[in-house]
Amino acid sequence: MRPFAYTRAETVGEAVAALAADPDAQILAGGTNLVDLMKYDVARPGAVVDINRLPLKEIEELQDGALRIGALVSNTAVAYDERVREKFPLLSSAILAGASPQLRNAATTGGNLLQRTRCYYFYDPSTPCNKRQSGSGCGAIGGVNRIHAILGASEHCIAVHPSDMCVALAALEAIVEVEGPEGPREIAFADFHRLPGDMPERDNTLAQGEMVTGIRLEANHFAPHHTYLKIRDRLSYAFALVSVAVAMEIDRGRIVDLRLALGGVAHKPWRDPLAEAEFAGATADEMTFGRIAERLLTGAKGQGGNDFKIPLAEKAIIRALKQAAAGRPQDQTIKAIQ
(Lines give C-alpha, C1' and ligand atoms only; values in the text may rest on other atoms or scores of the structure.)
Protein backbone atom coordinates (compact mmCIF):
# COMPACT_ATOMS: atom_id res chain seq x y z
CA MET A 1 0.00 0.00 0.00
CA ARG A 2 1.33 3.41 -0.96
CA PRO A 3 1.15 6.17 1.67
CA PHE A 4 -1.51 8.87 1.34
CA ALA A 5 -2.97 11.68 3.41
CA TYR A 6 -6.46 11.15 4.83
CA THR A 7 -9.05 13.87 5.44
CA ARG A 8 -12.52 13.32 6.87
CA ALA A 9 -14.58 16.26 5.66
CA GLU A 10 -17.38 17.57 7.87
CA THR A 11 -18.78 20.01 5.29
CA VAL A 12 -18.92 20.27 1.52
CA GLY A 13 -16.65 23.31 1.77
CA GLU A 14 -14.00 21.29 3.62
CA ALA A 15 -14.16 18.54 1.01
CA VAL A 16 -13.80 21.02 -1.85
CA ALA A 17 -10.86 22.74 -0.17
CA ALA A 18 -9.07 19.41 0.35
CA LEU A 19 -9.63 18.40 -3.27
CA ALA A 20 -8.49 21.78 -4.56
CA ALA A 21 -5.32 21.65 -2.46
CA ASP A 22 -4.01 18.42 -3.98
CA PRO A 23 -4.40 17.55 -7.69
CA ASP A 24 -3.87 13.89 -6.78
CA ALA A 25 -6.64 13.83 -4.14
CA GLN A 26 -9.58 11.47 -4.63
CA ILE A 27 -12.94 11.17 -2.91
CA LEU A 28 -13.87 8.20 -0.74
CA ALA A 29 -17.58 7.44 -0.41
CA GLY A 30 -18.70 3.81 -0.68
CA GLY A 31 -15.23 2.81 -1.84
CA THR A 32 -16.49 0.03 -4.10
CA ASN A 33 -14.28 1.19 -6.97
CA LEU A 34 -11.51 3.32 -5.44
CA VAL A 35 -10.39 0.74 -2.89
CA ASP A 36 -10.07 -1.94 -5.59
CA LEU A 37 -8.04 0.40 -7.79
CA MET A 38 -5.72 1.23 -4.92
CA LYS A 39 -5.21 -2.46 -4.14
CA TYR A 40 -4.31 -3.11 -7.79
CA ASP A 41 -1.89 -0.14 -7.70
CA VAL A 42 -3.88 1.52 -10.48
CA ALA A 43 -5.04 4.49 -8.42
CA ARG A 44 -2.31 6.21 -6.44
CA PRO A 45 -3.98 9.16 -4.70
CA GLY A 46 -1.78 11.53 -2.76
CA ALA A 47 -4.75 12.23 -0.52
CA VAL A 48 -8.08 10.54 0.19
CA VAL A 49 -11.00 12.79 1.13
CA ASP A 50 -13.67 10.91 3.07
CA ILE A 51 -17.07 12.54 2.45
CA ASN A 52 -19.29 10.05 4.27
CA ARG A 53 -20.26 12.55 6.98
CA LEU A 54 -21.62 15.12 4.53
CA PRO A 55 -25.38 15.82 4.45
CA LEU A 56 -25.87 14.35 0.98
CA LYS A 57 -27.88 11.23 1.84
CA GLU A 58 -31.43 12.36 1.10
CA ILE A 59 -33.85 12.04 -1.81
CA GLU A 60 -35.77 15.29 -1.96
CA GLU A 61 -39.03 16.03 -3.78
CA LEU A 62 -38.95 19.30 -5.70
CA GLN A 63 -41.62 21.32 -7.44
CA ASP A 64 -43.42 19.95 -10.51
CA GLY A 65 -42.61 16.32 -9.75
CA ALA A 66 -38.81 16.62 -9.92
CA LEU A 67 -36.47 14.73 -7.58
CA ARG A 68 -33.04 15.57 -6.22
CA ILE A 69 -30.89 12.59 -5.22
CA GLY A 70 -27.96 13.32 -2.93
CA ALA A 71 -24.52 12.10 -3.97
CA LEU A 72 -24.27 9.80 -0.92
CA VAL A 73 -27.62 8.06 -1.36
CA SER A 74 -26.88 4.37 -1.83
CA ASN A 75 -27.80 2.63 -5.06
CA THR A 76 -30.13 0.37 -3.10
CA ALA A 77 -31.95 3.31 -1.53
CA VAL A 78 -32.48 4.91 -4.95
CA ALA A 79 -33.65 1.69 -6.60
CA TYR A 80 -36.27 0.93 -3.95
CA ASP A 81 -37.48 4.46 -3.25
CA GLU A 82 -41.22 4.57 -4.03
CA ARG A 83 -40.96 7.99 -5.66
CA VAL A 84 -38.24 6.74 -8.01
CA ARG A 85 -40.14 3.54 -8.80
CA GLU A 86 -43.32 5.49 -9.58
CA LYS A 87 -41.93 8.47 -11.49
CA PHE A 88 -38.60 7.18 -12.83
CA PRO A 89 -38.90 3.38 -13.04
CA LEU A 90 -36.22 3.26 -15.74
CA LEU A 91 -33.63 4.37 -13.17
CA SER A 92 -34.73 1.75 -10.65
CA SER A 93 -34.58 -1.00 -13.30
CA ALA A 94 -31.09 -0.01 -14.43
CA ILE A 95 -29.68 0.06 -10.90
CA LEU A 96 -31.13 -3.35 -10.05
CA ALA A 97 -29.57 -4.78 -13.23
CA GLY A 98 -26.11 -3.82 -11.99
CA ALA A 99 -23.67 -5.22 -9.45
CA SER A 100 -24.82 -7.36 -6.51
CA PRO A 101 -27.04 -6.50 -3.52
CA GLN A 102 -23.98 -6.15 -1.30
CA LEU A 103 -22.30 -3.70 -3.68
CA ARG A 104 -25.52 -1.74 -4.25
CA ASN A 105 -25.83 -1.31 -0.47
CA ALA A 106 -22.39 0.31 -0.33
CA ALA A 107 -22.18 2.10 -3.69
CA THR A 108 -23.33 5.72 -3.88
CA THR A 109 -25.02 7.84 -6.51
CA GLY A 110 -22.04 10.15 -6.95
CA GLY A 111 -19.59 7.28 -6.97
CA ASN A 112 -21.55 5.52 -9.70
CA LEU A 113 -21.12 8.55 -11.95
CA LEU A 114 -17.37 8.58 -11.31
CA GLN A 115 -16.50 4.88 -11.54
CA ARG A 116 -13.65 3.93 -13.83
CA THR A 117 -13.61 1.56 -16.80
CA ARG A 118 -13.22 -2.19 -16.29
CA CYS A 119 -10.85 -2.54 -19.26
CA TYR A 120 -8.37 -5.38 -18.63
CA TYR A 121 -5.42 -3.22 -19.60
CA PHE A 122 -6.45 -0.35 -17.34
CA TYR A 123 -6.49 -2.76 -14.38
CA ASP A 124 -3.07 -4.26 -15.16
CA PRO A 125 -0.15 -1.86 -14.48
CA SER A 126 2.20 -4.16 -16.40
CA THR A 127 0.42 -3.37 -19.70
CA PRO A 128 0.17 -0.14 -21.73
CA CYS A 129 -2.89 2.01 -21.11
CA ASN A 130 -3.29 5.66 -22.07
CA LYS A 131 -6.09 6.06 -19.55
CA ARG A 132 -3.85 4.93 -16.70
CA GLN A 133 -0.58 6.43 -18.01
CA SER A 134 -0.90 9.00 -20.77
CA GLY A 135 1.29 8.27 -23.78
CA SER A 136 1.94 4.61 -22.96
CA GLY A 137 -0.36 3.29 -25.70
CA CYS A 138 -3.60 1.31 -25.78
CA GLY A 139 -3.08 -2.41 -25.32
CA ALA A 140 -6.68 -3.17 -26.27
CA ILE A 141 -6.20 -1.91 -29.84
CA GLY A 142 -4.94 -5.01 -31.58
CA GLY A 143 -5.17 -6.93 -28.31
CA VAL A 144 -7.95 -8.59 -26.34
CA ASN A 145 -10.89 -6.28 -26.98
CA ARG A 146 -14.09 -8.32 -26.65
CA ILE A 147 -15.66 -5.89 -24.15
CA HIS A 148 -14.52 -2.68 -25.82
CA ALA A 149 -16.07 0.26 -27.66
CA ILE A 150 -17.79 0.24 -31.05
CA LEU A 151 -18.81 3.93 -30.93
CA GLY A 152 -16.98 7.15 -30.09
CA ALA A 153 -13.56 5.52 -29.67
CA SER A 154 -10.25 7.11 -30.65
CA GLU A 155 -6.81 5.92 -31.67
CA HIS A 156 -5.79 6.45 -28.04
CA CYS A 157 -8.49 4.51 -26.19
CA ILE A 158 -11.35 2.08 -26.84
CA ALA A 159 -12.44 1.56 -23.22
CA VAL A 160 -16.13 1.66 -22.27
CA HIS A 161 -17.97 3.19 -19.34
CA PRO A 162 -19.19 0.42 -17.00
CA SER A 163 -22.23 1.97 -15.29
CA ASP A 164 -25.83 0.77 -15.69
CA MET A 165 -27.29 3.63 -13.67
CA CYS A 166 -25.62 6.22 -15.89
CA VAL A 167 -27.21 4.79 -19.03
CA ALA A 168 -30.65 5.38 -17.53
CA LEU A 169 -29.65 8.86 -16.31
CA ALA A 170 -28.52 9.71 -19.85
CA ALA A 171 -31.91 8.72 -21.25
CA LEU A 172 -33.69 10.67 -18.51
CA GLU A 173 -31.50 13.75 -19.18
CA ALA A 174 -30.52 14.16 -15.54
CA ILE A 175 -28.75 17.26 -14.28
CA VAL A 176 -25.53 16.77 -12.27
CA GLU A 177 -25.10 19.21 -9.40
CA VAL A 178 -21.50 19.94 -8.43
CA GLU A 179 -19.68 22.17 -5.96
CA GLY A 180 -16.19 23.57 -6.44
CA PRO A 181 -13.83 26.40 -5.51
CA GLU A 182 -15.84 28.75 -7.72
CA GLY A 183 -19.14 27.73 -6.12
CA PRO A 184 -21.99 25.48 -7.27
CA ARG A 185 -22.85 24.74 -10.88
CA GLU A 186 -24.98 22.34 -12.90
CA ILE A 187 -23.87 20.06 -15.73
CA ALA A 188 -26.25 18.48 -18.23
CA PHE A 189 -25.75 14.73 -18.06
CA ALA A 190 -24.80 14.57 -21.74
CA ASP A 191 -21.90 16.93 -20.98
CA PHE A 192 -20.68 15.25 -17.80
CA HIS A 193 -18.78 12.28 -19.25
CA ARG A 194 -16.22 12.61 -22.06
CA LEU A 195 -15.30 10.66 -25.14
CA PRO A 196 -11.61 9.66 -25.08
CA GLY A 197 -10.27 11.84 -27.89
CA ASP A 198 -6.59 12.50 -27.24
CA MET A 199 -7.11 12.76 -23.45
CA PRO A 200 -8.52 9.37 -22.42
CA GLU A 201 -7.18 9.81 -18.88
CA ARG A 202 -10.06 12.25 -18.27
CA ASP A 203 -13.40 10.51 -17.76
CA ASN A 204 -15.53 13.59 -17.07
CA THR A 205 -15.69 17.37 -17.21
CA LEU A 206 -15.27 18.12 -13.51
CA ALA A 207 -12.77 20.90 -12.86
CA GLN A 208 -9.97 20.63 -10.28
CA GLY A 209 -11.48 20.70 -6.80
CA GLU A 210 -15.07 20.05 -7.89
CA MET A 211 -17.21 17.27 -6.45
CA VAL A 212 -20.65 15.87 -7.28
CA THR A 213 -23.24 16.79 -4.65
CA GLY A 214 -26.32 15.31 -6.29
CA ILE A 215 -28.39 14.71 -9.40
CA ARG A 216 -31.72 16.19 -10.36
CA LEU A 217 -34.42 14.46 -12.38
CA GLU A 218 -37.13 16.53 -14.04
CA ALA A 219 -40.67 15.19 -14.33
CA ASN A 220 -41.53 13.33 -17.53
CA HIS A 221 -44.17 11.12 -19.14
CA PHE A 222 -42.01 8.06 -19.80
CA ALA A 223 -43.09 5.73 -16.98
CA PRO A 224 -45.67 3.81 -19.07
CA HIS A 225 -43.20 3.11 -21.90
CA HIS A 226 -39.70 2.35 -20.68
CA THR A 227 -37.24 -0.51 -20.37
CA TYR A 228 -33.67 -1.28 -19.41
CA LEU A 229 -32.31 -4.23 -21.34
CA LYS A 230 -28.87 -5.52 -20.37
CA ILE A 231 -27.05 -8.15 -22.44
CA ARG A 232 -24.22 -9.80 -20.51
CA ASP A 233 -22.32 -13.05 -20.29
CA ARG A 234 -24.29 -14.25 -17.25
CA LEU A 235 -27.44 -13.05 -15.51
CA SER A 236 -25.70 -12.69 -12.15
CA TYR A 237 -23.16 -9.97 -11.38
CA ALA A 238 -21.57 -8.99 -14.73
CA PHE A 239 -20.98 -5.82 -16.72
CA ALA A 240 -22.93 -5.16 -19.91
CA LEU A 241 -21.69 -6.19 -23.32
CA VAL A 242 -24.53 -4.01 -24.61
CA SER A 243 -27.30 -2.33 -22.65
CA VAL A 244 -30.23 -0.22 -23.83
CA ALA A 245 -32.25 2.33 -21.84
CA VAL A 246 -35.44 3.41 -23.58
CA ALA A 247 -37.77 6.20 -22.43
CA MET A 248 -40.61 6.75 -24.86
CA GLU A 249 -43.89 8.63 -25.06
CA ILE A 250 -46.48 7.18 -27.45
CA ASP A 251 -49.81 8.61 -28.54
CA ARG A 252 -52.24 6.58 -30.66
CA GLY A 253 -49.52 4.28 -31.87
CA ARG A 254 -47.05 6.99 -32.85
CA ILE A 255 -43.84 8.14 -31.21
CA VAL A 256 -44.21 11.54 -29.55
CA ASP A 257 -40.85 11.61 -27.77
CA LEU A 258 -37.99 9.11 -27.78
CA ARG A 259 -34.85 8.92 -25.72
CA LEU A 260 -32.51 5.97 -26.09
CA ALA A 261 -29.13 5.49 -24.46
CA LEU A 262 -26.66 2.65 -24.98
CA GLY A 263 -24.23 1.20 -22.44
CA GLY A 264 -21.22 -1.05 -22.91
CA VAL A 265 -20.47 0.41 -26.35
CA ALA A 266 -18.62 3.70 -25.74
CA HIS A 267 -16.44 5.69 -23.35
CA LYS A 268 -19.64 7.31 -22.02
CA PRO A 269 -23.36 6.44 -22.12
CA TRP A 270 -24.15 6.82 -25.82
CA ARG A 271 -27.01 8.96 -27.10
CA ASP A 272 -27.80 10.66 -30.39
CA PRO A 273 -30.63 13.18 -29.75
CA LEU A 274 -30.66 14.31 -33.39
CA ALA A 275 -31.26 10.74 -34.53
CA GLU A 276 -33.99 10.30 -31.91
CA ALA A 277 -35.75 13.45 -33.09
CA GLU A 278 -35.94 12.13 -36.66
CA PHE A 279 -38.50 9.55 -35.55
CA ALA A 280 -40.98 11.89 -33.87
CA GLY A 281 -44.38 11.04 -35.34
CA ALA A 282 -43.26 7.68 -36.72
CA THR A 283 -45.36 4.59 -36.15
CA ALA A 284 -44.20 2.63 -33.13
CA ASP A 285 -43.70 -0.68 -34.92
CA GLU A 286 -40.90 -3.12 -35.68
CA MET A 287 -40.08 -1.56 -39.05
CA THR A 288 -39.54 1.82 -37.41
CA PHE A 289 -37.54 0.24 -34.62
CA GLY A 290 -35.21 -1.36 -37.16
CA ARG A 291 -34.65 2.02 -38.78
CA ILE A 292 -33.92 3.57 -35.37
CA ALA A 293 -31.34 0.88 -34.61
CA GLU A 294 -29.65 1.36 -37.96
CA ARG A 295 -29.54 5.12 -37.50
CA LEU A 296 -28.18 4.99 -33.96
CA LEU A 297 -25.39 2.61 -34.94
CA THR A 298 -24.18 4.71 -37.85
CA GLY A 299 -20.40 4.79 -37.67
CA ALA A 300 -20.11 1.79 -35.34
CA LYS A 301 -16.75 0.09 -35.75
CA GLY A 302 -15.48 -3.14 -34.25
CA GLN A 303 -11.92 -3.91 -33.22
CA GLY A 304 -11.91 -7.58 -34.20
CA GLY A 305 -12.71 -9.24 -30.91
CA ASN A 306 -15.81 -7.11 -30.40
CA ASP A 307 -17.21 -7.09 -33.95
CA PHE A 308 -20.15 -9.14 -32.66
CA LYS A 309 -21.31 -6.15 -30.62
CA ILE A 310 -22.64 -4.33 -33.69
CA PRO A 311 -25.32 -6.87 -34.66
CA LEU A 312 -25.90 -7.56 -30.96
CA ALA A 313 -26.57 -3.87 -30.33
CA GLU A 314 -28.92 -3.71 -33.31
CA LYS A 315 -30.99 -6.63 -32.04
CA ALA A 316 -30.94 -5.28 -28.48
CA ILE A 317 -32.20 -1.85 -29.58
CA ILE A 318 -35.08 -3.36 -31.51
CA ARG A 319 -36.00 -5.67 -28.64
CA ALA A 320 -35.85 -2.85 -26.10
CA LEU A 321 -38.02 -0.58 -28.24
CA LYS A 322 -40.60 -3.35 -28.61
CA GLN A 323 -40.64 -3.88 -24.84
CA ALA A 324 -41.06 -0.17 -24.13
CA ALA A 325 -43.77 0.28 -26.75
CA ALA A 326 -45.72 -2.65 -25.32
CA GLY A 327 -45.37 -1.29 -21.79
CA ARG A 328 -43.64 -4.50 -20.70
CA PRO A 329 -40.12 -3.62 -19.52
CA GLN A 330 -37.37 -6.20 -19.19
CA ASP A 331 -37.53 -6.43 -15.39
CA GLN A 332 -41.23 -7.34 -15.55
CA THR A 333 -40.46 -9.95 -18.20
CA ILE A 334 -37.87 -11.57 -15.90
CA LYS A 335 -40.33 -11.57 -12.97
CA ALA A 336 -43.00 -13.21 -15.15
CA ILE A 337 -40.58 -15.99 -16.13
CA GLN A 338 -39.56 -16.56 -12.53
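Shown above is the structure to which this text applies.
Residues numbered from 1 in each chain as written. Predicted model: local features only at pLDDT ≥ 70, side-chain atom pairs only at ≥ 80, totals over all residues. Heavy atoms only, no water.

Comments concerning the environment of H225
1) Next: Inspection of the secondary structure puts H225 in the loop between β8 (211–217) and β9 (226–231).
2) Next: Given a relative accessible area of 18%, H225 falls into the buried group.
3) Next: Considered as a pair, H225 and E177 are 48 residues apart in the sequence and their alpha carbons are 27 Å apart. (Helix = DSSP H or I, 4+ residues; strand = E, 2+ residues; numbered from the N terminus. Buried < 20%, exposed > 50% of the residue type's maximum accessible area, 1.4 Å probe, protein only.)

Structural notes on helix α11 (residues 286–296)
1) Next: Among all positions in α11, only T288, F289, G290, I292, A293 and L296 are buried.
2) Next: Looking at the buried residues of α11, the elements they touch are β11 (254–263), α10 (273–277) and α12 (309–326). (Contact = heavy atoms within 4.5 Å.)

Some points on a nonpolar patch on the surface
1) Next: Taken together, the side chains of M1, F4 and Y6 define a hydrophobic patch exposed on the protein surface, amounting to about 370 Å² of accessible area.
2) Next: With respect to the secondary-structure elements, F4 resides in the segment before β1 (5–8). (Patch = residues over 30% accessible without salt bridge, like charges linked within 9 Å, V, L, I, M, F, W, Y side chains within 5 Å. Areas by Shrake-Rupley, 256 points an atom, 1.4 Å probe, with all protein chains shown as cover. Salt bridge = Lys/Arg side-chain N within 4 Å of Asp/Glu carboxyl O.)

Thoughts on unusual backbone geometry
1) Next: Residue D41 is not a glycine yet carries a positive backbone phi of 65°.
2) Next: Assignment of secondary structure puts D41 in the loop between α2 (34–39) and β3 (47–50).

Section: the pairing of β3
Consecutive residues of a regular strand have side chains that alternate between opposite faces of the sheet.
1) Next: In β3, alternate side chains face the same way, and those of A47 and V49 on one face and V48 and D50 on the other are all buried.
2) Next: As paired strands, β1 and β3 are joined by four bridges and run parallel to one another. Bridge pairing links R8 to D50 in β3.
3) Next: Here strand β2 (residues 25–28) pairs with β3 via four bridges, running parallel. The residue of β3 that forms the bridge with I27 is V49.
4) Next: Considered for its hand, the β-α-β crossover made up of β2, α2 and β3 is right-handed. (Pairing = 2+ DSSP bridges. Right-handed = clockwise from strand over helix to strand, strands pointing away.)

Let's talk about α12
1) Next: Taking 1.5 Å per residue, 18 residues should reach 26 Å; α12 reaches 25 Å between its end C-alpha atoms and fits that length.
2) Next: Three or more residues of α12 are buried, namely K309, A313, A316, I317, I318, A320, L321, Q323 and A324.
3) Next: Looking one or two residues beyond α12, the residue adopting positive phi is G327, at roughly 70°. (Expected span 1.5 Å × (residues − 1).)

Some remarks on the packing of aromatic side chains
1) Next: Under the counting rule described, the total for this entry stands at four aromatic pairs.
2) Next: Geometrically, the ring pair formed by Y120 and Y121 is edge-to-face, given 6.5 Å between the ring centres and 65° between the ring planes.
3) Next: A relative accessible area of 37% means that Y120 is categorised as partly exposed.
4) Next: Judged by its relative accessible area of 15%, Y121 falls in the buried class.
5) Next: Chaining the aromatic ring pairs together yields one cluster made of Y40, F122 and Y123. (Phe/Tyr/Trp six-rings, centres within 6.5 Å; stacked < 30°, edge-to-face > 60°.)

Considerations on the sheet that holds β2
1) Next: Spatially, the three strands line up as an open sheet ordered β1-β3-β2, and their pairing is parallel. Two strands close off the open sheet at either side, each with one partner strand: β1 and β2. Across the sheet, the axes of successive neighbouring strands diverge by a mean angle of 25°, strand direction being ignored.
2) Next: Here helix α1 (residues 12–21) sits on the sheet and contacts β1, β2 and β3; the angle it forms with β2, its principal contact strand, is near 150°. (Axes fitted to C-alpha atoms, helices over the stretch in contact; angles between N-to-C directions.)

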